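Observations on the three-dimensional arrangement
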Amino acid sequence: MVVVRDGFGSLYRYDGATGRVEPVISFTGWTFARQTASGLYAIGLQGGVVFVPWSGAPQIVTCGGVALAISATGACASRRYGPDGGLYVQYPGAAPLRILPPDWGAGQIAWDPSSRRLALTRTVDQRCVRCPNALYVITPDGSPRLLYDTHVDETHFGPLGAVARVLWSPAGDLIAASLSTGCAGCDSSAGNGLLVIDPASDRAIPLGVTPEMAPDIAWSANGDLAFVSGTLERLADSELKLRRRDGSITTIDPRGSRPAWSAAGDRLAWVRGDGSAAVVDLAGGDRRPIRCADGDVAGIRFDSSGEALLLLCRLPGSDLDRYSIRYVASGRDTVVLEQVGGTLAYAIGPDFFDLAAWSQGPGRE
């Protein structure tokens, strides 16, 4: 089963057993929030939440406010406004609980894999044009602990900027944080800072700069981090690197991007600059090329066994971005969906994990 989000944010579901494609819900503007073993959570433009099971009717999820993030167990972090405003968490079957007041300055939010902690940015003074912030870890009872502060003084941050995105490792023992100056042109030319932060010791390890695109940073189940090193302005010269759990860093591909891990963390796939993709077995070092039969590879991901692949293929010959999704396994290459997309063509392809959720393969949280 594949759930696809089109250019308007409408959701469609493809059934591999019957070959049927059907609309899931009539509203537009949905974004993927969390993939689980039983289905997909999506958040709408107004902060509502829907759960789309791999089979069956979609279900409206009560979130307690404007939804911000969904955990692996379906817990919701949301924001309310007005007299009872603030940051709330709500676990399935429980009532919403306010954990922070509205004037605390909560910003970016990410649940840890256990659904017991939140990584959360805080901006105290929001009167500046580009404000510094700080990264906290917060338990569901609202107890905050400072991990990383970007303040140089009350209204200025350091050269790397403020924390813009956070991503927990699958074990919940490390956090990858990218930083932004808030100036699009500055970030494009200079890159976005990338840190690995240990919540237990508060140690922050710099990894240089990245183009700051969500699909170019990926954790493995083993705690290895694949990331693109470089800038958006010089994306063609960016390198795909691998930080192993022991802290060692190697270059995987001088023109690689869009890394994706197998569920076991023993294989890494990525998109190459020549329109192909590659898969490497990290234990043995064997590397094999992957190509789309009908275009250039724009995205790649594994099934749960690590043996089959789902490919996003950019179709040639159009001023619009059009893609096919293909299922590739030993001796089999099948088109799952055709003519996906249809928006104006851009040099940077879409995020495959934000375009399609696959019941047979792991998501990216």
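Scope of this entry: the structure provided in the associated data block. (Residues numbered from 1 in each chain as written. Predicted model: local features only at pLDDT ≥ 70, side-chain atom pairs only at ≥ 80, totals over all residues. Heavy atoms only, no water.)

**Thoughts on the pattern of salt bridges**
- Evaluated as defined, the whole model comprises 15 salt bridges.
- When the shortest N-O distance is used, the salt bridge between aspartate 274 and arginine 272 registers 3.5 Å.
- Connected through salt bridges with shared partners, the residues Arg13, Arg20 and Glu22 form a single ionic network. (Salt bridge = Lys/Arg side-chain N within 4 Å of Asp/Glu carboxyl O.)

**Focus on the pairing of strand β28 (residues 277-281)**
- In terms of residue burial, β28 counts as a mostly covered element, since 4 of its 5 residues are buried.
- Examined bridge by bridge, strand β27 (residues 267-272) and β28 share 5 bridges and lie antiparallel to one another. Paired with tryptophan 270 across the strands is alanine 278, a residue of β28.
- Connecting β27 to the antiparallel partner β28 that follows it, the hairpin turn spans 4 residues, and glycine 275 within it adopts a positive phi of roughly 95°.
- When β28 meets strand β29 (residues 287-290), the two strands line up antiparallel, connected through 4 bridges. By the bridge assignment for β29, valine 279 is matched with arginine 288.
- Once β28 ends, the chain turns through 5 residues before running back antiparallel as β29, passing glycine 285 with a positive phi of about 85°. (Buried < 20%, exposed > 50% of the residue type's maximum accessible area, 1.4 Å probe, protein only. Helix = DSSP H or I, 4+ residues; strand = E, 2+ residues; numbered from the N terminus. Pairing = 2+ DSSP bridges.)

**Here we look at the packing of aromatic side chains**
- By the definition in use, this model includes 4 aromatic pairs.
- Measuring from centroid to centroid gives 4.7 Å for tyrosine 41 and phenylalanine 51, while their planes differ by 50°, and the two rings are tilted. On the criterion of sequence distance, the pair formed by tyrosine 41 in strand β5 (residues 39-43) and phenylalanine 51 in strand β6 (residues 49-53) is long-range, its members being 10 residues apart.
- Judged by its relative accessible area of 10%, phenylalanine 51 falls in the buried class.
- On the basis of an interplanar angle of 70° and a centroid distance of 6.0 Å, the ring pair of tyrosine 91 and tryptophan 111 is categorised as edge-to-face. Taken together, the positions of tyrosine 91 in the loop between β10 (86-90) and β11 (97-100) and tryptophan 111 in strand β12 (residues 106-111) put the pair 20 residues apart, joining distant regions of the chain.
- According to the relative accessible area criterion, tryptophan 111 is buried, its value standing at 4%.
- Across the ring face of tyrosine 88, the terminal group of arginine 80 is positioned such that the distance to the ring centre comes to 4.2 Å. (Phe/Tyr/Trp six-rings, centres within 6.5 Å; stacked < 30°, edge-to-face > 60°. Lys NZ or Arg CZ within 6 Å of the ring centre and 35° of its normal.)

**Notes on unusual backbone geometry**
- In the Ramachandran plot, aspartate 202 falls in the positive-phi region, its phi being about 65° despite a non-glycine side chain.
- Turning to its location among the elements, aspartate 202 is positioned in the loop between β20 (192-198) and β21 (203-210).
- The class for aspartate 202 is partly exposed, based on a relative accessible area of 31%.
- Within the chain, arginine 258 stands out as a residue other than glycine whose phi angle is a positive 55°.
- In this fold, arginine 258 is placed in strand β26 (residues 256-261).
- Judged by its relative accessible area of 11%, arginine 258 falls in the buried class.

Bear in mind that shape data such as this cannot, by itself, settle questions of function.
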